[in-house]
Amino acid sequence: MERVFVLGGGATKVGEEWEKSLRQLFVEAALKAVGDAGISLRDVEALYVGNMSSGVLQGQEHLGSLMATWLGIPGVAACKVEGACASGGVAVHQAYLAVASGMYDCVLVGGVEKMTDAVVYDLTTALMMADDYEYAASTGASFVGLNALVYRYYMKKFGVRQEDIAMFAVHDHKYAARNPLAQFQFEVTLERVMKSPLIADPIRLFECAPVSDGAAALVLCSERFAARIGASELVEIAASTMATDTLSLSDRADLTTLRATRLAVERAYKMARIEPSDVDVLEVHDAFTILGVIHLEDLGFAKKGEGWRLVVEGEVERDGRIPTNMSGGLKARGHPVGATGVYQVFEIYQQLKGIAPNQVSDAEVGLAQSVGGVGGTVSISILKRVR
Amino acid sequence: MGVPVPSPPRYWRERRVKYRLLGSVCKSCGRAYYPPRLVCPECGSTELAEVKLPERGRVLSFTVIRTPPRDFLGQEPYVVALIELENGARLLGQVVDVEPEEVEVGMEVESVFRKCREQGEEGIIEYGIKWRPPLLPKSDA
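Residues numbered from 1 in each chain as written. Chains lettered and ligands numbered in written order. Predicted model: local features only at pLDDT ≥ 70, side-chain atom pairs only at ≥ 80, totals over all residues. Heavy atoms only, no water.

Caption draft 1: Here's a closer look at the layout of surface pockets. All names here are of chain A. Taken as a whole, the largest pocket spans an internal volume of roughly 710 Å³. Lining the largest pocket are 32 residues, and of these Leu205, Cys208, Ala209, Pro210 and Val211 sit closest to its centre. Elements with a contribution of two residues or more to the lining of the largest pocket: helix H5 (120-128) and helix H6 (143-158). Of the residues forming the lining of the largest pocket, the biggest block, four residues, is contributed by H5. When grouped by side-chain class, the residues that make up the lining of the largest pocket number 22 nonpolar, eight polar and two charged. Shared between two domains, the lining of the largest pocket takes at least three residues from each, and those domains are domain 1 (4-118 + 211-235) and domain 2 (141-209 + 238-385). (1 Å grid on protein atoms, 1.4 Å probe; cavity = no way out; pocket = protein on both sides within 12 Å on 5 of 7 lines; lining within 4 Å. Points joined across faces, edges and corners; volume = space filled by probe spheres on them. Helix = DSSP H or I, 4+ residues; strand = E, 2+ residues; numbered from the N terminus. Nonpolar A, V, L, I, M, F, W, Y, C, P; charged D, E, K, R; others polar. Domains from an automatic or database assignment.)

Right under this line is the structure:
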């Protein structure tokens with residue numbers, strides 16, 4: 001396999017972008033990425049567009065051709081990549097494979113979601129399509145509700161208080177406050193989180209990732225291409241993996257572990273030849289506070305039932321043992337669903353380049369985890385700074 | 001957008017499984033599933049028997065939906081639970097005929113045939129199985 005490098009990246013500010021369309025957001029992020037990489041759009045041989053719900057939210061599919069058209073590069077190989085809320089992470093994986101295979105030397109991968117075009121109950125319907133439409137959505141369950149089932153089960157099984165899990169939201173807001181790309185650039189108190197309205201018991205509004213618009217993009221390239229343009233101080237994708245689990249919770253023996261995370265991260269650690277203790281900076285897919293806690297455990301940073309301790313005891317802070325969600329995470333950076341996985345890898349890329357808003361000192365290895373549905377799909381990216 | 005499109009053929013196709021609560025038991029590993037499968041997700045066997053699932057189970061976890069999808073607007077708040085049936089099959093279902101505050105993890109439930117949702121203004125009115133606290137004690141108890 002060819003070595004794969006991140007040559008550049010870019011993203012739009014996450015938020016409610018009433019004046020910008022799906023394609024505008026994508027093109028804006030793509031142009032920033034291409035500019036950051038110092039290449040021409042004409043160098044791009046293939047384009048991957050991570051997106052979950054353009055079909056139901058915009059009535060628009062065929063995003064490969066659409067974005068190639070609007071980027072002025074019709075002719076490139078291009079397609080949409082969908083893996084529910086992990087669509088962006090899965091798109092990065094596909095772009096990685098395209099370069100690693102030796103087929104392409106320069107690939108553009110982006111993620112985009114435009115959620116504010118729909119009213120909340122249609123959005124709730126669309127997000128629930130991440131699970132089984134026929135046998136889960138037909139009960140009236142919402143996507144928040146599915147995660148609430150996990151939340152209650154987890155608290156009961158391990159005897160953990162909701163206040164300790166909800167701290168994940170407070171943590172995310174603290175870092176989003178200093179991230180110019182974040183949707184919520186302010187801090188919140190635990191009291192405010194715990195007094196916010198219930199959405200699906202026990203999950204409260206301030207424990208949920210928001211409704212967001214946004215796009216992020218990366219340029220990936222081969223060693224050959226990097227040498228040709230004279231790029232130095234590169235960031236390498238040392239591992240890119242993905243795994244699946246049963247689509248619905250009802251088919252799982254253990255509700256408190258995402259088996260797909262474990263499978264994907266085991267492969268990734270092996271591929272990158274590292275241990276969890278080698279990771280300097282981490283981005284996890286905390287669509288809900290409880291998921292952030294579970295991810296810290298499944299990724300190998302805490303024992304089962306104890307992930308919340310890392311948050312409460314400050315281990316996930318910028319100067320802690322495992323700095324996590326320096327972007328503000330899904331909760332506060334925002335969660336434009338199909339773009340999120342690309343935002344995460346972009347954040348890690350910035351950390352390794354030393355240009356992140358909440359820079360972790362001397363970060364050399366970073367990991368991003370992206371989750372689709374309630375763990376039906378998980379992608380892992382491990383990036384390393386190359387000197 | 002009206003998502004997804006109301007579909008009479010789809011509902012008709014699902015009626016047998018949903019009305020009768022049919023599932024599968026894997027002849028190889030013994031695990032039970034709802035709905036019926038062609039391949040066992042656990043062991044990969046294709047030897048599965050279609051069975052009528054037990055009409056009793058217990059609540060493993062539950063939530064109260066306060067912000068529902070479009071088709072369920074007006075029903076909120078309602079309880080959705082992960083239920084384990086007596087043969088080990090698990091499924092999602094609404095728990096009804098009880099106040100949300102009275103639902104507990106571990107509580108017993110039995111199946112009941114109910115109206116489930118309306119597919120928009122002109123679409124099918126769907127019926128199916130929901131779950132409630134048992135009206136009578138177990139006959140074999």
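More follows now that the structure is in view.
Caption draft 2: Here's a closer look at the domain arrangement of chain B. All names here are of chain B. Assigned domains of chain B: these are domain 1 (7-53) and domain 2 (54-134). A straight line from the C-alpha centre of domain 1 to that of domain 2 covers 19 Å. At the junction of the two partners, domain 1 supplies twelve residues and domain 2 supplies 17 residues. Both sides together, the interface formed by domain 1 and domain 2 hides about 1,100 Å², and carbon and sulfur atoms give 64% of it. For the domain 1 face of the interface with domain 2, the top three residues by lost area are Tyr11, Leu21 and Leu53, together amounting to 45%. Run the count over domain 1 and domain 2 and you get two residue pairs in polar contact (both at pLDDT 80 or more). Those elements giving two or more residues to the side of domain 1 that touches domain 2 turn out to be helix H1 (8-20) and strand S2 (32-33). When residues of the side of domain 1 that touches domain 2 are assigned to their parent elements, the largest contribution, four residues, is made by H1. (Contact = heavy atoms within 4.5 Å. Buried area = accessible area lost by both parts, 1.4 Å probe. Polar contact = N/O pair within 3.5 Å; in protein donor to acceptor, adjacent residues only side chain to side chain.)

Caption draft 3: Quick peek at the packing of aromatic side chains. Applying the stated criterion to the full structure yields nine aromatic pairs over all chains. Taking the centre distance of 6.1 Å and the plane angle of 50 degrees together, the rings of A:Phe143 and A:Phe288 count as tilted. Of the two residues, A:Phe143 sits in helix H6 while A:Phe288 sits in the loop between strand S9 (281-283) and helix H11 (289-298), which places them 145 residues apart along the sequence. Considered together, A:Phe143 and A:Phe288 belong to a single accessibility category, that of buried residues. With a centroid separation of 5.6 Å and 50 degrees between ring planes, the pair formed by A:Phe184 and A:Phe186 is classed as tilted. A:Phe186 sits in the partly exposed class, given a relative accessible area of 33%. Connected via pairs of aromatic rings, a cluster forms that spans B:Tyr11, B:Tyr19, B:Phe113 and B:Tyr127. In this structure, A:Arg152 is placed above the aromatic ring of B:Phe62, and the distance from its NZ or CZ to the ring centre is 3.7 Å. Above the plane of the ring of A:Tyr135 lies B:Lys18, whose end atom (NZ or CZ) is 5.3 Å from the centre. (Phe/Tyr/Trp six-rings, centres within 6.5 Å; stacked < 30°, edge-to-face > 60°. Buried < 20%, exposed > 50% of the residue type's maximum accessible area, 1.4 Å probe, protein only. Lys NZ or Arg CZ within 6 Å of the ring centre and 35° of its normal.)

Caption draft 4: Just the confidence of the model for chain B, in detail. Per-residue confidence for chain B gives a mean pLDDT of 92; residues scoring 70 or more make up 94%. With pTM at 0.97, the complex prediction returns an ipTM value of 0.95. (pLDDT = per-residue confidence, 0-100.)

Caption draft 5: The arrangement of the interface of chain A and chain B in detail. Facing 38 residues of chain A, the contacting portion of chain B comprises 38 residues. In total, chain A and chain B occlude about 3,500 Å² of area from one another, counting both sides; carbon and sulfur atoms represent 58% of this. Contact with chain B buries surface across chain A, with A:Tyr133, A:Tyr135 and A:Leu149 losing the most and accounting together for 19% of the total. Summed over the shared surface of chain A and chain B, the number is four salt bridges. Of the charged contacts in the structure, one is a salt bridge between A:Asp201 and B:Arg66, with a shortest N-O distance of 2.7 Å. (Salt bridge = Lys/Arg side-chain N within 4 Å of Asp/Glu carboxyl O.)

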